[in-house]
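So the chains spell out like this:
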Amino acid sequence: MLKPGPRNLITDVPGLTVGCVEDEAVRTGVTVLLCPDAWTAAVDVRGGGPAVRETDTLRPENSFARAHAICLSGGSVFGLGAADGAAIALSARDVGVKLSAGSPAIPIVPAASLHDLGNGGDKSWGLSPPYRELGMKAVAAAGVEFPLGVVGAGRGAMAGVVKGGLGSASLDLGDGLIVGALVAANPVGSVYMPDGETFWAWPFEIDGEFGGRRPGAMPAAIDPMPDDTKLGAMGRLRLGANTTLAVVATTADLTTAEAKRVAMMAHDGMGRAIRPAHTAFDGDIVFALASGVTALGQGPGRGAALSRLGSAAADCLARAIARAVFEARAA
């Protein structure tokens, strides 16, 4: 039977580190995922209200579809400033592209932000939002171990009508092929079945990682958006006010186009774990990273291996979403 990696985190993909920091007064935070050797990267945006930076850099037709880091944050458009801080911190470490002798290193740091501006924290920052500094601190904090729940980019998140948060999961497919997912879960949709306790992602759970609850008798899931009255009262039914931000990573030797396919397939994990997903109110996005150290092979078998990898990425993302809410509610 397939199992998670030793940490059951995206950092089970060797070479990755993750840093999480929070501003408790603002009730927000930043999560930075570092891959300093500039891994192959791609992105797929499905939500109707994204807040993003440098996503076009990762298009397959462009000259440098790689990333030195991915930055996720709260703060909506203001939170994109966290990527400035991360880029500055990485450049100071001499991480990045050098186009001429003596020039500073230029890190490629694609980013996405979720909307947590209405969560009651102190947002009176005037001309000095905290995100640039948080981005620098997140780089400094990066390691292979990191917490889940009400931390990092998930600090101010909601998931439907309950607390959202930061989640992660991994899966070891054997022969050196590992896949992992990291998510900041802030969707308008619900992660729970009609009983309000069983995660939609329950079939994909491994070793009770988000509580081990299994469905019993319950009403049919017929209403396509059962919490809309509560969501409206909470002010969540506003365009761009919600989102699920995700990164999937693998050891496979993917091209940029193949990484894009994995990102596209990984979006199915949101559909498996959240109902509804990819709405007009969400900015759902998946970044994909590949270290390239494990060969998928060539010929017809490569397509099958890529499809298996993309399906595993979707399963990991579904598990990570459930873990995010499970850990956030426990906190």
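Scroll up a little and you will see the structure.
Parameters and conventions
- Residues numbered from 1 in each chain as written.
- Predicted model: local features only at pLDDT ≥ 70, side-chain atom pairs only at ≥ 80, totals over all residues.
- Heavy atoms only, no water.
- Helix = DSSP H or I, 4+ residues; strand = E, 2+ residues; numbered from the N terminus.
- Rg over C-alpha atoms; globule rule 2.2 N^0.38 Å.
- Buried < 20%, exposed > 50% of the residue type's maximum accessible area, 1.4 Å probe, protein only.
- Contact = heavy atoms within 4.5 Å.
- Pairing = 2+ DSSP bridges.
- Salt bridge = Lys/Arg side-chain N within 4 Å of Asp/Glu carboxyl O.
- Polar contact = N/O pair within 3.5 Å; in protein donor to acceptor, adjacent residues only side chain to side chain.
- Phe/Tyr/Trp six-rings, centres within 6.5 Å; stacked < 30°, edge-to-face > 60°.
- Expected span 1.5 Å × (residues − 1).
- Disulfide = S-S within 2.5 Å.
- Axes fitted to C-alpha atoms, helices over the stretch in contact; angles between N-to-C directions.
- Parallel < 35°, antiparallel > 145°, perpendicular 65-115°, else oblique.
- Left-handed = near helix turned anticlockwise from the far one by under 90°.
- Nonpolar A, V, L, I, M, F, W, Y, C, P; charged D, E, K, R; others polar.

## Some remarks on the overall build of the protein chain
Scanning the protein chain from N- to C-terminus turns up six helices and 11 strands. Scaling as 2.2 N^0.38, a compact globule of 331 residues should have a C-alpha radius of gyration of about 20 Å, and the protein chain matches this with 19 Å. Seen along its three principal axes, the alpha-carbon backbone of the protein chain occupies a region of about 65 × 55 × 35 Å. With 331 residues in all, the protein chain has 55% of them scored as buried. Of the contacts formed within the protein chain by residues at least 6 apart in sequence, a portion of 78% connects residues at least 24 apart.

## Focus: the pairing of strand β1 (residues 17-23)
Here β1 pairs with strand β2 (residues 28-45) via seven bridges, running antiparallel. When the bridges of β2 are listed, T17 appears paired with L34. The hairpin formed by β1 and β2 contains four residues between the paired strands, and R27 there has a positive phi angle of roughly 60 degrees.

## What about the pattern of salt bridges?
Applying the stated rule across the entire model yields 17 salt bridges. Among the ionic pairs, E205 bridges to R214, the shortest N-O distance being 2.8 Å. Ionic pairing is found between R302 and E258, a salt bridge with its closest N-O pair at 2.8 Å. Of this pair, R302 sits in helix α6 (residues 300-330) while E258 sits in helix α5 (residues 256-273), and the two are 44 residues apart along the sequence.

## Some words on the side chain of T250
Within the secondary structure, T250 sits in strand β10 (residues 243-252). A relative accessible area of 2% means that T250 is categorised as buried. There is a polar contact of 3.2 Å between the side chain of T250 and the backbone nitrogen of A252. Those residues in contact with T250 that lie beyond four places of it in its chain are V13, W39, L177, I178, V179, L289, A290, S291 and L309.

## A short note on the side chain of S113
Mapped onto the secondary structure, S113 falls in strand β5 (residues 111-113). Separated by 3.3 Å, the side chain of S113 and the backbone nitrogen of L80 make a polar contact. Discounting residues that sit within four places of it in the chain, S113 has contacts with A51, S73, G74, S76, G79, L80, T243 and L245.

## Quick look at the packing of aromatic side chains
Taken as a whole, this structure holds four aromatic pairs when the rule is applied. Taken together, the ring pairs in this structure connect F78, W125 and Y131 into an aromatic cluster.

## Quick look at helix α2 (residues 81-92)
Its 12 residues place the ends of α2 17 Å apart at the C-alpha level, agreeing with the 16 Å of an ideal helix rising 1.5 Å per residue. Those residues of α2 that sit buried are G81, A82, A83, G85, A86, A87, A89 and L90. In the core, the buried residues of α2 are packed alongside β2, β3 (52-53), β4 (66-73), α1 (76-79), β5 and α3 (131-141). Just beyond α2, the residue with positive phi is D94, at close to 70 degrees.

## Quick notes on the environment of A112
Here A112 is to be found in strand β5. Residue A112 is classed as buried on the basis of its relative accessible area, which comes to 1%. Separated by 138 residues in the primary sequence, A112 and T250 place their C-alpha atoms 20 Å from one another. Not counting residues up to four positions away in its chain, the partners in contact with A112 are A51, V52, C71, L72, S73, L80, L245, I285 and F287.

## Observations concerning unusual backbone geometry
Residue P276 follows R275 across a cis peptide bond; omega there is -5 degrees. Non-glycine residue S76 carries a positive phi angle of around 55 degrees. Position of S76 relative to the elements: it lies in helix α1. For S76, a relative accessible area of 17% gives the class buried. With a phi close to 55 degrees, D207 is a non-glycine residue in the positive phi region. Summarising the element assignment, D207 is placed in the loop between β9 (178-186) and α4 (228-233). Judged by relative accessible area, D207 falls into the exposed class, the value being 61%.

## Side note on the state of the cysteines
By definition, a disulfide links two cysteine residues through a covalent bond between their sulfur atoms. Within this structure, the stated rule accounts for zero disulfides. Here C71 is not cross-linked by a disulfide; its sulfur's nearest cysteine counterpart is in C20, at 11 Å. Distance from the sulfur of C316, which forms no disulfide, to the nearest cysteine sulfur (C35) is 17 Å. The buried category is assigned to C316, whose relative accessible area is 0%.

## What about the packing of α2 against α3?
Between α2 and α3, the shortest axis-to-axis distance is 6 Å and the interhelical angle comes to 45 degrees. Judged on the interaxial angle alone, α3 and α2 are oblique. Judged by the twist between their axes, the crossing of α2 over α3 is right-handed. Between α2 and α3, the residues in contact are G81, A82, G85, A86, I88, A89 and L90 and Y131, R132, G135, M136 and V139, respectively. In terms of residue class, the contact of α2 with α3 is built from eight nonpolar, three polar and one charged.

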